[in-house]
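Observations on chain architecture
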Amino acid sequence: MNSKVMPTYGRVEISFEKGEGAYLFDDQGNRYLDFCTGIATASLGHCHPHLVEALTEQAGKVWHTSNLFRIPGQERLAERLVENSFADQVFFCNSGAEASEGCIKMARKYQSATGHPERYRIITIDGAFHGRTLATLAAGGKPEHLDGFGPVVEGFDHVPAGDLAAMEAAIGPETAAIFVEAVQGEGGVNVMDTTYLKALRKLCDDNEILMMMDEVQTGMGRTGTLFAYEWEGVTPDIMGLAKALGNGMPIGAILATESAAVGMTPGTHGSTYGGNPLAVAAANAVLDVMLEDGFMDHVKGISGHMMQRISGVIDAHPEIIESVRGQGLLIGLKCKVTNGDLVDALRDEGLLTVGAADNIVRLIPPLIIDESQIDEAMAALDRACEKLEKAG
Ligand SMILES: *Cc1c(COP(=O)(O)O)cnc(C)c1O
């Protein structure tokens, strides 16, 4: 390969020409069932007719105007996100990292605006992933990601997941907020315990610090509710969204209560593209579909079906897969073989998946998946396991 693209990714030698629902077609005419969805992003599948129509219509009107002016589609999107969440206000940006970075800034600004400028530290969870900017890398704390990029941004403390005593001990006079994913995606599909998240909420209240959730991967229906925090009966003060919000049209968002956003006055934060007419047209169309009656019931139902089918495959191939975990359609297979080998074997069988930390293969199908497509995926999983058994 003689590509002029900077080689920061380990790429597979396949390129896709077209997508249709849960399927992608490469330039050789091969069809793949997409259980990768551009990493939990194309959650309504490829070329969803309603999304294509909304985006095409907007593309013929106006793409970009700037946040110097009112953007009606942005106001409508903010209103709908507020109506369907804990939040009172929304800031729009373009990516998950930008959303996480904005959450961090907002927590610090809140403390400073309410008389505690000394509170600037954020506590994060081991295995977390919050993005690739300098501050969000420091929040994640993964040494491989930080190596060679100079001094690590100051102000982040890391504690093990589920360890309340460690969290309590980490909270100090300089703590501004706790930042947590309800289900760690990149970290290996680690579902946080409900009692743990409830206890974190109480710790935040008792210590006058903010609870922030990174729902960049779990948000927008991925776990079977519009937002993963709904499962837990706890609400954050600030939440980051991106990935599926635009179904692939780049858009991110920070949702916050009025109280948490108190410092975000004119001039404090900004983003040129953030929530431009084209991006919000896509996101509004995504919400049209996801807010339809029965949509989330479908996700929950099909998730149960898939979990059951996966258990059957694990019983048949205990040497390849150890266990399954996850919530909704964010599902992780804990492998006994190297996870990358299973991802490769599955791709050879026409099923696209993606790895995660802790030797996990993630199955993140579009939320519109049906039972017959799950049968197809399970048949591919069964064949891939058989091949790996023979090879091993
Ligand atoms: C993907 C992801 C991010 C980063 O999103 P980008 O759009 O790649 O910047 C942040 N947090 C979580 C939980 C993610 O899954």
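Residues numbered from 1 in each chain as written. Predicted model: local features only at pLDDT ≥ 70, side-chain atom pairs only at ≥ 80, totals over all residues. Heavy atoms only, no water.

**Brief notes about the site of the ligand**
- Taken together, the neighbourhood of the ligand is formed by S95, G96, A97, F129, H130, G131, E181, D214, V216, Q217 and K243.
- Between the ligand and G96 there is a distance of 2.8 Å, counted from an oxygen atom to a backbone nitrogen or oxygen.
- Note that an oxygen atom of the ligand is positioned 2.7 Å from one of the side-chain N or O atoms of K243.
- If the ligand stood free it would expose 380 Å²; the protein chains cover 81% of that surface.
- Looking at the shell around the ligand, its residues break down into 3 nonpolar, 5 polar and 3 charged. (Near = heavy atom within 4 Å. Polar contact = N/O pair within 3.5 Å; in protein donor to acceptor, adjacent residues only side chain to side chain. Areas by Shrake-Rupley, 256 points an atom, 1.4 Å probe, with all protein chains shown as cover. Nonpolar A, V, L, I, M, F, W, Y, C, P; charged D, E, K, R; others polar.)

**A few points about the packing of aromatic side chains**
- Under the definition given, this model contains 3 aromatic pairs.
- Relative to Y32, the ring of F16 lies with its centre 5.6 Å away and its plane at 85°, an arrangement referred to as edge-to-face. Within this pair, whereas F16 is found in strand β1 (residues 16-20), its partner Y32 is found in strand β3 (residues 31-34), the two being separated by 16 residues in sequence.
- Since its relative accessible area comes to 8%, Y32 is described here as buried.
- A centroid spacing of 5.6 Å and a plane angle of 80° characterise the contact between F86 and Y229, whose relative ring orientation is edge-to-face. Taken as a pair, F86 in the loop between α3 (72-83) and β4 (89-93) and Y229 in helix α9 (residues 229-232) lie far apart in primary sequence, 143 residues in all.
- What makes F86 buried here is its relative accessible area of 14%. (Phe/Tyr/Trp six-rings, centres within 6.5 Å; stacked < 30°, edge-to-face > 60°. Helix = DSSP H or I, 4+ residues; strand = E, 2+ residues; numbered from the N terminus. Buried < 20%, exposed > 50% of the residue type's maximum accessible area, 1.4 Å probe, protein only.)

**Describing the nonpolar core**
- Membership of the largest hydrophobic core comes to 82 residues, with the highest contact counts inside it found for M220 and L342.
- Counting contributing residues, this core receives three or more from each of domain 1 (16-34 + 294-391) and domain 2 (50-290).
- The contacts of L342, once residues within four sequence positions are left out, are I320, I321, L333, C335, V337, V361, A384 and L388.
- Ranked by size, the runner-up nonpolar core spans 22 residues in total, among them A99, I104, A135 and A260. (Core = buried A, V, L, I, M, F, W, Y, C linked by side-chain atoms within 4.5 Å. Domains from an automatic or database assignment. Contact = heavy atoms within 4.5 Å.)

**A look at the sheet that holds strand β2 (residues 23-26)**
- Read from one edge of the open sheet, 4 strands run β1-β2-β3-β15, paired in mixed fashion. The open sheet is flanked by β1 and β15 (351-352), the only strands paired with a single partner.
- Pairing between β2 and β3: 3 bridges, direction antiparallel. If you follow F25 over to β3, its bridge partner there is R31.
- Lying on the sheet, helix α13 (residues 371-391) is in contact with β2, β3 and β15; it crosses β3 at an angle near 105°. (Pairing = 2+ DSSP bridges. Axes fitted to C-alpha atoms, helices over the stretch in contact; angles between N-to-C directions.)

**A short note on empty space enclosed by the protein**
- Under the criterion given, the structure shown has 1 cavity of 30 Å³ or more.
- Its volume calculated, the largest cavity comes out at about 30 Å³.
- As for the largest cavity, its lining consists of L134, L146, F149, G150, P151, V152 and V153.
- Looking at side-chain class alone, the lining of the largest cavity contains 6 nonpolar, 1 polar and no charged residues. (1 Å grid on protein atoms, 1.4 Å probe; cavity = no way out; pocket = protein on both sides within 12 Å on 5 of 7 lines; lining within 4 Å. Points joined across faces, edges and corners; volume = space filled by probe spheres on them.)

**Here's the deal with the domain arrangement of the chain**
- Splitting the chain by domain gives domain 1 (16-34 + 294-391) and domain 2 (50-290).
- For domain 1 and domain 2, the distance between their C-alpha centroids amounts to 28 Å.
- Contact residues are listed per partner, giving 21 residues for domain 1 and 21 residues for domain 2.
- Carbon and sulfur atoms make up 61% of the surface buried where domain 1 meets domain 2, a total of about 1700 Å² over both sides.
- One can count 1 salt bridge joining domain 1 with domain 2.
- Across the contact surface, domain 1 and domain 2 share 8 residue pairs in polar contact (both at pLDDT 80 or more).
- If you list the elements that add at least two residues to the side of domain 1 that touches domain 2, you get α11 (295-316), β13 (321-327), β14 (330-335) and β17 (360-363).
- Sorting elements by how many residues they give to the side of domain 1 that touches domain 2 places α11 first, with 4 residues. (Buried area = accessible area lost by both parts, 1.4 Å probe. Salt bridge = Lys/Arg side-chain N within 4 Å of Asp/Glu carboxyl O.)

**Observations regarding a nonpolar patch on the surface**
- A cluster of nonpolar side chains, contributed by L134, F149 and V153, occupies part of the molecular surface with about 290 Å² of accessible area.
- Structurally, F149 is set in the loop between α6 (143-146) and β6 (156-159).
- Among the residues examined, F149 registers a relative accessible area of 56% and is labelled exposed. (Patch = residues over 30% accessible without salt bridge, like charges linked within 9 Å, V, L, I, M, F, W, Y side chains within 5 Å.)

**With respect to unusual backbone geometry**
- Phi is positive for E208, close to 55°, though the residue is something other than glycine.
- A residue is classified by how much of its surface remains accessible, and E208, at 54% relative accessible area, is exposed.
- Even without glycine at this site, N247 takes up a positive phi of about 55°.
- Note that N247 resides in the loop between β11 (238-241) and β12 (252-256).

**Quick word on the sheet that holds strand β16 (residues 354-356)**
- The 4 strands lie next to each other as β13-β14-β17-β16, forming an open sheet whose pairing is antiparallel. Each end of this open sheet is capped by a strand with a single partner; those strands are β13 and β16. Adjacent strand axes in the sheet meet at a mean angle of 30°, parallel and antiparallel pairs treated alike.
- Direction of pairing for β16 relative to β17: antiparallel, over a ladder of 3 bridges.

**Points about the environment of L351**
- One can find L351 in strand β15.
- Assessed through its relative accessible area of 3%, L351 is described here as buried.

**Remarks on the layout of surface pockets**
- If you add up the space inside the second largest pocket, you get close to 600 Å³.
- Lining the second largest pocket we find 25 residues, and of these N67, Q74, V90, F91 and F92 sit closest to its centre.
- Contributions of two or more residues to the lining of the second largest pocket are made by α3, β4 and β12.
- Considering every element that reaches the lining of the second largest pocket, the biggest residue donor is β4, with 4 residues.

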